[in-house]
Amino acid sequence: MSHAATEEVHGHPALQHHFANMEQQREAGTLGMWVFLVTEIMFFGGMFLAYTLYRSNYPFAFASASNHLDITLGAVNTGVLILSSFTMAMAVYFTQVGKSRPQILCLILTLILGLTFLGIKAVEYKSKYDDALVPGRLIPNRPFGPTVAREGDTDHHKLHLLGNATVKQVELFYWLYFAMTGMHALHMIIGAGLLTFLLYGSIKRRYGPEYHSPVEVIGLYWHFVDIIWIFLFPLLYLLGRHFEHG
Amino acid sequence: MSEHIVPVRVYLTIFVVLLVGTGLTVLAAFHDFTYHAFGKEIALNAVIALTIAVTKATFVVLYFMHVRYSSKLVWMIVTSALFWMAIMFSLTLADYWTRGWLPVGY
């Protein structure tokens, strides 16, 4: 935008030859990342569309299946991810003001919180495996086949069917659950790799007030992954709760 | 540098807003917001949950992702994502949700 800062930073070692100055280079990087995020939004959008369609077709099956998910773990994970987004934003802030120690600390915290999220997710996947809720025949000798609870049965490991729901329709929910949370988890794993890369660069003191595009751009990616979870949590975990307690 | 550095106070506020939003969405999920009006059952649970989610996402995009302080070009790219999503949802659902309306083709 402004060209006032052109001369003083012209000689920065991180400046690529095809950019006039650091300001232009940073703007181009941010814009490019946003274009990539738009493709990511469309990618996840397809799955959200499939979800909308089948939830409107089989509302009771989706509610029954959703009620089997662990709301406490889901909510804790939402908190963990929001906190990690905050520490990521703070990492960008400390880079911009040139404080490298807090910057490194914030990146480490973000990485730890990201791994915590993945750990909790693994615990959840394990309990779905135990209750035979992994759809299809993905796992040898363990096809989709939850035990259906009868009336009055309060065992939370059994599947409680509401209304006219069938087990087949519940399986469809779990296809979507594993596809969406799995894709989200894959993005988290890639994000953890990117954070490790940033951490290495930060320890080498590569980023500061003049040059912080990598921190900024990976921050954008991290916040995007957070936003996906902000939608996944209510859509997957909370949709049928009011049928139980209403 | 002409870029805007977002103050820590703003980040903290957004963080608290996001946590409160998460609390609200969990609380709202346990309450049945189904009403009877115009001779129909109108279920508002999904509407409420999505309103909270969209609000949270907007705060993340505007402040954590700095879009509020970004160039018009970035604004345009972000809006284009919403625009194409709207096309994808409206055209697809306009097909699926209206298939039962006319008894033809069977």
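Residues numbered from 1 in each chain as written. Chains lettered and ligands numbered in written order. Predicted model: local features only at pLDDT ≥ 70, side-chain atom pairs only at ≥ 80, totals over all residues.

I'd like to hear about the overall build of chain A, residue by residue, with values.
Within chain A, the secondary structure is distributed over seven helices and zero strands. For chain A, the sequential pattern of α-helices and β-strands runs α-α-α-α-α-α-α. Scaling as 2.2 N^0.38, a compact globule of 246 residues should have a C-alpha radius of gyration of about 18 Å, whereas chain A reaches 22 Å, well beyond that. The principal-axis extent of the C-alpha atoms belonging to chain A is close to 75 × 40 × 30 Å. Taken over 246 residues, chain A has a buried fraction of 39%. Residue pairs at least 24 apart in sequence account for 73% of intrachain contacts in chain A once pairs closer than 6 positions are excluded. (Helix = DSSP H or I, 4+ residues; strand = E, 2+ residues; numbered from the N terminus. Rg over C-alpha atoms; globule rule 2.2 N^0.38 Å. Buried ≥ 20, exposed ≤ 12 C-beta atoms within 10 Å, placed from the backbone. Contact = placed C-beta atoms within 7 Å.)

So what's going on with the nonpolar core? Residues and values would help.
Among the nonpolar cores identified, the biggest contains 75 residues, and Ala89(A), Met90(A), Ala91(A), Phe173(A), Ile228(A) and Leu232(A) are the most heavily contacted of them. The set of elements that each furnish at least two residues to this core consists of α1 (22–57), α2 (59–67), α3 (71–96), α4 (100–130), α5 (167–203) and α6 (213–237) of chain A together with α1 (8–29) and α2 (45–64) of chain B. Here this core gets 18 residues from one element, more than from any other, and that element is α6(A). (Core = buried A, V, L, I, M, F, W, Y, C linked by C-beta atoms within 7 Å.)

Describe the environment of Glu3(B), naming the residues involved and giving the relevant values.
Its place among the elements puts Glu3(B) in the segment before α1. For Glu3(B), a count of 19 C-beta atoms within 10 Å gives the class partly exposed.

Talk me through the pairing of strand β2 (residues 40–43) of chain B; I want residue IDs and the actual numbers.
Taken together, the four bridges between strand β1 (residues 34–37) of chain B and β2(B) define a ladder with antiparallel strand orientation. Opposite Tyr35(B), over in β2(B), you have Ile42(B) as the bridge partner. (Pairing = 2+ DSSP bridges.)

Please provide a residue-by-residue account of the domain arrangement of chain B, values included.
Reports often express the size of an interface as the amount of accessible area lost when the parts come together. When cut into domains, chain B gives domain 1 (1–65) and domain 2 (69–98). Distance from the C-alpha centre of domain 1 of chain B to the C-alpha centre of domain 2 of chain B: 20 Å. (Domains from an automatic or database assignment.)

Can you tell me about the confidence of the model for chain B, naming the residues and giving the values?
It should be kept in mind that the predicted coordinates are not to be read in detail where pLDDT is low. For chain B, the mean per-residue pLDDT works out to 91, and 96% of the residues sit at or above 70. The complex prediction reports pTM at 0.91, with the ipTM value standing at 0.91. (pLDDT = per-residue confidence, 0-100.)

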